[in-house]
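Examining the three-dimensional arrangement
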Amino acid sequence: MKNVKSKRLFAEAKKVIPGGVNSPVRAFRAVGLEPLFVSKARGSKVYDADGGIYIDYVSSWGPMILGHANRHVRKAMSRALSRGWSYGAATELEVRLAQKISKAIPSMELVRMVSSGTEAAMSALRVARGFTGRDKIIKFEGCYHGHADSFLVKAGSGAITFGVPDSAGVPQPLAAITLVAPYNDLEAVSTLFHQNPSQIACVIVEPVAGNMGVVLPRQGFLKGLEEICHNNSALLIFDEVITGFRLIYGGGQKIFDVTPDLTCLGKVIGGGMPVGAYGGRREVMEKIAPLGPIYQAGTLSGNPLAMTCGLATLELLQQKGVYKKLELMTKGLCQGLEDLVSQKGVQVRINQIGSMFTLFFTGEEVFDYGSAKKSDTNQYAKYFQRMLQAGVWLPPSQFEACFISLAHSRKDVENTLKAAVDALDALF
Ligand code: KE4
C-alpha cells in the first residue's frame, strides 16, 4: 500500500486535531485524497513521510519564495538562536524589518508587526473603523483576508473550496455590516457607497486575487477604488499578504500605481516564520495604542527569530534580477502548459502574474468569483492526482495560486511539463 506513513500519521492526527489538519485546505478533501504528510523540504522539493519527492508549487502558500531551507536564511537563524528567541520586549531586529518594509513600500509610513496575515487584516480593519468612526466594510467575493469574523462572508480560499462562502459562528449582525461586491466591478462598489452614505469605513481588496485562484485586476479597477474611497472619505486597504514582496520587491501597489491608506503583509516578509504586518499613513497609524485609542497587541509580535528569518529573506530578494528571473521561469512554465492544452484542444485558462499562476479548468476568462466557480473542480482533482503521482505537488484546490521559487530549475519546469502531458493525456 502506498503512503503508509502518511496514512498512519493521518489516522493518529484525526484523533487529536480536527480533521487531522491545522488548516482546512491541507486536508486534500477538494482533490479527493487523504493528505500527505511532509517530512522535510529543500530547494524546490518537498519530501513526504514515505520518502516521496515532489516539485513544490504550494511554497507554503507563498512564503518560500527563495525555496526551502535556504542556506543564507538558515545560517542567519542558527546564529540568532544562541541569543534566545523570544523576549517580549522591543528589539533592533523589528526596527530593521519595519525600516526595510517602509522603504520598499512608501505608503507604509508606520508599520506594526503581528504574527499572521489574519492578524494583519483584522487589525487593519479595526484601524479603519476606529479612524473613520464607521462600521461597514466592503470586501470582494472570492477574496480571502484570513479568518477574522468580518471577512468570512463570501470568503475565498478554503471557504470557497468547501463551497461554504459564509462561516458558522459569525454573528449575523456582524456579517450584515460586511458588504460584498464582485471583483473587478467598480459600479457595484459605487452603488454600495451610494446605498450606505457615510457608513463605510473601508474597502479591502487583494490587488491581485490569489484565493479564487489567481485573478488579475482589470485596467482601472484598483485606481477606481482609490478614487471612490477618496471621494467617500473611506480608507482603501490593500491586502498584500500574498502579493507583498512576491510580485516585486515591495508592494504590488507599485505595479498598479495606486496608494492605499493601509496595507497588510504576511508570508514572504516572514520567510516561512509566523510574521504578518500592517501599516500605512502616519495620520491613520498614530491612532493605534500606545499612541491612540485603537487597541492591538501580540505576545510574539516582532519575534526576534521570525524577524531574523524575514530580514534574511528580504536581503536576498533585494539582489538585482531576482524578480525578472522568477517571472521568466513562471512565464516559461505557463507557456509550456498553454502549448500543451492547445495541442490537445482542452478547455483551460491560465492566469499568471510574476511568479504566481493558476490553471483553471474552464474555457472562459476568469475575472471574478462567478467565473472562477465555473471551473470543473472534478477535472482539477483528477489533474492534481495525476500530477502528484508524477512527482509534482500542486495546491490541493482549484481556488489557490501556484508559486515558483528562486530554487526552481529549468529541469523542474521540464519535468513538470512532462508530468502535465501524461496527466492531460489521462484526462482527455
Ligand atoms: P494567514 O493568517 O493564513 O497567515 O493569512 C491570511 C491571509 C490573508 N490575506 C490573504 C490574501 C491570504 O491569502 C491569506 C492566507 N492565504 C491562505 C491560502 N491562500 C493560507 C493557506 C491556509 O489557509 O492554510
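For the structure given in this document, a descriptive report is provided here. (Residues numbered from 1 in each chain as written. Predicted model: local features only at pLDDT ≥ 70, side-chain atom pairs only at ≥ 80, totals over all residues. Heavy atoms only, no water.)

Some details on the site of the ligand
Quick note on the threshold: We call a residue near a molecule or strand as soon as one heavy atom of that residue lies within 4 Å of the molecule or strand. Between N or O atoms, a polar contact is any pair within 3.5 Å; within protein, one atom must be a potential hydrogen donor and the other a potential acceptor, and residues adjacent in sequence are included only when both atoms are from side chains. Each accessible area is a Shrake-Rupley result for a 1.4 Å probe, and residues are judged covered by the shown protein chains and nothing else. Amino acids outside the nonpolar list (Ala, Val, Leu, Ile, Met, Phe, Trp, Tyr, Cys, Pro) and the charged list (Asp, Glu, Lys, Arg) are all regarded as polar, and Gly is one of them.
The full set close to the ligand counts 17 residues, and Ser23, Thr118, Asn211, Asp239 and Glu400 are the nearest of them. A distance of 2.5 Å separates a nitrogen atom of the ligand from a polar atom in the side chain of Asn211. In the complex, 86% of the free accessible area of the ligand, which totals 540 Å², lies under the protein chains. Residues of the shell around the ligand, tallied by class, amount to 5 nonpolar, 8 polar and 4 charged.

Some words on the sheet that holds strand β1 (residues 38-42)
Quick note on the threshold: Pairing between two strands requires that DSSP report at least two bridges joining them. Starting at the N terminus, helices and strands are each numbered in turn, a helix being any DSSP run of H or I of at least four residues and a strand any DSSP run of E of at least two. Here, two residues are considered to be in contact whenever any of their heavy atoms come within 4.5 Å of each other. Axis geometry follows a simple rule: fit a line to the C-alpha atoms, using only the stretch in contact for helices, then measure angles between N-to-C directions, giving values from 0 to 180 degrees.
Taken in spatial order, the 4 strands of this open sheet run β1-β2-β3-β13, and their pairing is mixed. Taken across any chain shown, the strands that pair with only one partner, and hence form the sheet edges, are β1 and β13 (392-393). Taken together, the 4 bridges between β1 and strand β2 (residues 45-48) define a ladder with antiparallel strand orientation. When the bridges of β2 are listed, Arg42 appears paired with Lys45. The sheet strands contacting helix α15 (residues 410-427) are β2, β3 (53-56) and β13, and the helix crosses β3 at an angle near 105°.

Some details on the nonpolar core
Test applied: By convention a nonpolar core is built from buried Ala, Val, Leu, Ile, Met, Phe, Trp, Tyr and Cys residues, the set being connected through side-chain atoms within 4.5 Å. To sort residues, take the accessible area from a 1.4 Å probe on protein chains only and compare it with the maximum for the residue type: under 20% means buried, over 50% means exposed, and anything in between is partly exposed. Domain start and stop points were drawn from an automatic or database domain assignment.
Phe245 and Tyr383 are the most contacted members of the largest nonpolar core, which has 73 residues in total. Viewed by domain, this core spans two of them, domain 1 (4-69 + 321-427) and domain 2 (71-317), each represented by three or more residues. Residues within four places of Phe245 in sequence aside, it is in contact with Ile65, Ile101, Ala104, Ile105, Gly250, Leu265, Val268, Ile269, Leu314, Leu317 and Tyr323. One finds Cys143, Phe360, Val366 and Phe399 within the second-largest nonpolar core, a separate group that totals 30 residues.

Thoughts on the layout of surface pockets
Operational definition: As defined here, a cavity is a set of points on a 1 Å grid over the protein atoms alone where a 1.4 Å probe fits but cannot get out. A pocket is an open set with protein on both sides within 12 Å along at least five of seven lines, and residues line them when an atom is within 4 Å of a point. Grid points are joined across faces, edges and corners, and a volume is the space filled by probe spheres set on the points.
Each pocket or cavity is described by its volume, and for the second largest pocket that value is around 380 Å³. For the lining of the second largest pocket, the per-class residue count stands at 12 nonpolar, 9 polar and 2 charged.

Concerning the environment of Arg246
Among the structural elements, Arg246 can be located in the loop between β8 (235-239) and α9 (253-256). In this structure Arg246 comes out as buried when scored by relative accessible area, which is 1%. Setting aside residues no more than four positions away along its own chain, Arg246 makes contact with Ser59, Gly62, Met64, Ile65, Val268, Tyr323, Ser355, Met356, Phe403 and Ile404. For Arg246, the side chain forms a polar contact with the main-chain oxygen of Ile404, separated by 2.9 Å.

Digging into empty space enclosed by the protein
In total, this model carries 2 cavities of 30 Å³ or more according to the counting rule given. As a volume, the largest cavity reaches approximately 110 Å³. The wall of the largest cavity is formed by 16 residues, among which Phe357, Leu359, Tyr383, Leu394 and Cys402 lie closest to the centre. Its residues placed into classes, the lining of the largest cavity shows 11 nonpolar, 4 polar and 1 charged. In this structure, the second largest cavity spans a volume of roughly 30 Å³. Taken together, Ala80, Arg83, Gly84, Tyr87, Leu93, Pro304, Leu305 and Thr308 make up the full set of residues lining the second largest cavity. Taken together, the residues of the lining of the second largest cavity break down into 5 nonpolar, 2 polar and 1 charged.

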